[in-house]
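The residues making up each chain are set out below.
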Amino acid sequence: MVERARDRDWVCVAVVASAHGLRGLLKLRCFTERAEDVAAYGPLFDQNGRRLELEVIGPAPGGVLARAQGIDDRNAAEAMRGTELFVPRSALPELAPDEFYYSDLEGMEALRPDGSRFGVVRGVANFGAGDLIEVVADDGRRISLPFTREVVPSIDLERRRLVVEAPDELVAEVAS
């Protein structure tokens, strides 16, 4: 069973954005390098371990349209909205030394540039205007920051920590 991205053996490659048409097509927002390759890694699985055989039909704004075996009408497709789709990490291509999957960052310790603790990474999301890294600060607040080289200048996958250069006013609030 897939336990979201907390299980490092699974990588989220897409999420069902919406239904398309009356015959059960799914619009997928894809996290693969090329959206049309989302089904190239074999069957996809939802968080409950349900296996989905996908056939990519063509491009769609922000992703692809796909047909999934067993999803035959709009109601079934609508019920899939928001479903994250995973593949086993072993099905994906090997990464270069300086590459990582966003799911690799979840649970990492977030440090300030001076080495003091800032919080823990909850995840990375993109709502259409660029990637955001979400950190649960040590005071319990969830803080979303632009996931850029300026804000996150270093990532240490081995030690499971990264450096966050958050705006001064934000760091001061978290430190108090």
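Computed from a predicted model, the values in this text were never measured in an experiment.

## Brief notes about the environment of Phe147
Okay, so step 1: The topology assignment puts Phe147 in the loop between strand S11 (142-146) and strand S12 (154-156).
Okay, so step 2: Assessed through its relative accessible area of 15%, Phe147 is described here as buried.
Okay, so step 3: In this structure, the C-alpha to C-alpha distance between Phe147 and Ala79, residues 68 residues apart in sequence, is 31 Å.
Okay, so step 4: Beyond its immediate stretch of four places on either side in the chain, Phe147 contacts Phe100, Tyr102, Leu105, Val124, Asp131, Leu132, Ile133, Val152 and Ile155.

## So, the pairing of strand S6 (residues 63-68)
For a regular strand, side-chain orientation follows a simple rule: the groups alternate between the two sheet faces.
Okay, so step 1: Most of S6 is tucked away: five of the six residues are buried.
Okay, so step 2: Bridging between strand S2 (residues 25-30) and S6 involves four bridges; their strand directions are antiparallel. Across the sheet, Arg29 pairs through a bridge with Gly63, a residue of S6.
Okay, so step 3: Counting the residues that bridge the hairpin from strand S5 (residues 54-60) to S6 gives two residues, and of these Gly62 lies at a positive phi of roughly 80°.

## Quick word on the environment of Ala79
Okay, so step 1: Mapped onto the secondary structure, Ala79 falls in helix H1 (residues 74-79).
Okay, so step 2: The sequence separation of Ala79 and Ala19 amounts to 60 residues, and the corresponding C-alpha distance is 8.6 Å.

## Some points on the sheet that holds strand S8 (residues 109-111)
Each strand in a sheet pairs with its neighbour through backbone hydrogen bonds, running either in the same direction (parallel) or in the opposite one (antiparallel).
Okay, so step 1: Pairing is mixed across the open sheet formed by six strands, whose spatial order is S11-S10-S9-S8-S13-S12. Each end of this open sheet is capped by a strand with a single partner; those strands are S11 and S12. Within this sheet the neighbouring strands show an average axis-to-axis angle of 35°, counted without direction.
Okay, so step 2: Summarising the sheet, strand S9 (residues 117-126) and strand S10 (residues 131-137) pair through seven bridges and their orientation is antiparallel. Note on S10: the bridge partner recorded for Val121 is Val135.

About the thresholds
- Residues numbered from 1 in each chain as written.
- Predicted model: local features only at pLDDT ≥ 70, side-chain atom pairs only at ≥ 80, totals over all residues.
- Heavy atoms only, no water.
- Helix = DSSP H or I, 4+ residues; strand = E, 2+ residues; numbered from the N terminus.
- Buried < 20%, exposed > 50% of the residue type's maximum accessible area, 1.4 Å probe, protein only.
- Contact = heavy atoms within 4.5 Å.
- Pairing = 2+ DSSP bridges.
- Axes fitted to C-alpha atoms, helices over the stretch in contact; angles between N-to-C directions.

Honestly, that's just the spatial picture; any functional story needs more than this.
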